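Examining the three-dimensional arrangement
Chain by chain, the residues:
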Amino acid sequence: MKGVWLHYASLGGCLSEYELDAYINEAFSLSDGEHDMLAEAINELIDMRPSPPRALFSSEPAFADVERLAPDDF
């Protein structure tokens with residue numbers, strides 16, 4: 001939570017960490033502008049995360065390099 005607040009504050013958000021926690025727990029309301037700034041901060045943090053691995057389709061060239069798994073492997 002602190003990371004979200006720090007990023008939000010670095011974008012110019014004016015809520016305290018306590019107010020942000022209260023908002024997330026539905027005990028505090030935000031103006032549209034503050035909500036949008038918080039959404040921007042969260043979206044930027046999400047964008048910084050690595051993409052999750054994806055299952056390959058059989059038509060993809062890299063598929064031929066993948067070791068075949070048997071149904072029992074799951």
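Our subject in this report is the structure included herewith.

Rules used throughout
In this convention, every chain numbers its residues from 1, walking through the sequence in written order. Totals for whole chains, interfaces and linings use every residue, but because this is a predicted model, local features are given only for residues with pLDDT of at least 70 and side-chain atom pairs only at 80 or more, for both listing and counting. Each side-chain value is derived from all of the structure's non-hydrogen atoms; neither hydrogens nor water enter the calculation. Only runs of H or I of at least four residues qualify as helices and only runs of E of at least two qualify as strands under DSSP, and these elements are numbered from the N terminus. Think of it in three bands: residues with accessible area under 20% of the maximum for their type are buried, residues over 50% are exposed, and the middle band is partly exposed, with areas taken using a 1.4 Å probe on protein chains only. Two residues qualify as a contact provided that any one of their heavy atoms is within 4.5 Å of a heavy atom in the partner residue. All accessible-area figures derive from a Shrake-Rupley calculation using a 1.4 Å probe, and residue coverage is judged against the displayed protein chains alone. We score Asp and Glu as negative and Lys and Arg as positive, and we do not count His or the chain ends. The salt bridge definition used is simple: a Lys or Arg side-chain nitrogen within 4 Å of an Asp or Glu carboxyl oxygen. Think of a nonpolar core as a cluster: buried Ala, Val, Leu, Ile, Met, Phe, Trp, Tyr and Cys residues, connected wherever their side-chain atoms sit within 4.5 Å. By arc we mean the arc of the directions from the helix axis to the C-beta atoms, nothing more. Orientation is described by lines fitted to C-alpha atoms, with helices fitted over the stretch in contact, and by angles between N-to-C directions that extend from 0 to 180 degrees. Whether a crossing is left-handed or right-handed is set by the direction in which the near helix is turned from the far one by less than a right angle, anticlockwise for left-handed and clockwise for right-handed. Three residue categories are used. Nonpolar comprises Ala, Val, Leu, Ile, Met, Phe, Trp, Tyr, Cys and Pro, charged comprises Asp, Glu, Lys and Arg, and polar comprises the others, including Gly.

As for the overall build of the protein
Looking only at helices and strands, the protein has 3 helices and 0 strands in total. Helices (α) and strands (β) of the protein occur, in sequence order from the N terminus, as α-α-α. Here the protein holds 74 residues, and 15% of them are scored as buried. Within the protein, residue pairs in contact and separated by at least 24 positions form 39% of the contacts whose partners lie at least 6 positions apart. Carbon together with sulfur atoms contributes 56% to the accessible area of the protein, which is approximately 6100 Å² in total.

Observations regarding unusual backbone geometry
Phi at Glu 26 takes a positive value of approximately 60°, unusual for a residue other than glycine. For Glu 26, the location among the structural elements is in the loop between helix H2 (17-24) and helix H3 (32-48).

Description of the side chain of Glu 34
Mapped onto the elements, Glu 34 comes out in helix H3. Within the buried set, Glu 34 has no salt-bridge partner at all; the shortest N-O distance to an opposite charge, 17 Å, is to Lys 2. For Glu 34, the contacting residues outside a window of four places in its chain are Tyr 8, Gly 13, Cys 14 and Leu 15.

Observations regarding the nonpolar core
In this structure, Trp 5, Tyr 8, Leu 15, Leu 20, Leu 30, Leu 38 and Ala 41 together form the largest nonpolar core, which totals 7 residues. Contributing elements (two or more residues each) for this core: helix H1 (2-10) and H3. Excluding its chain neighbours within four sequence positions, the residues that come into contact with Ala 41 are His 7, Tyr 8 and Leu 11.

Looking at H1
Buried residues of H1: Trp 5, His 7 and Tyr 8, and no others. Summarising the axial view, the buried residues of H1 lie within an arc of 165°, below the 170-degree limit, and thus occupy one face. Against H2 and H3 lie the buried residues of H1.

Concerning the packing of H1 against H3
Between H1 and H3, the least distance of the axes is 9 Å, while the angle of their chain directions is 115°. Here H1 and H3 pass one another in a crossing that is right-handed. Facing H1, whose interface residues are Gly 3, Val 4, His 7 and Tyr 8, H3 presents Glu 34, Met 37, Leu 38, Ala 41, Ile 42, Glu 44, Leu 45 and Met 48. The residue makeup of the contact of H1 with H3, split by class, is 8 nonpolar, 2 polar and 2 charged.

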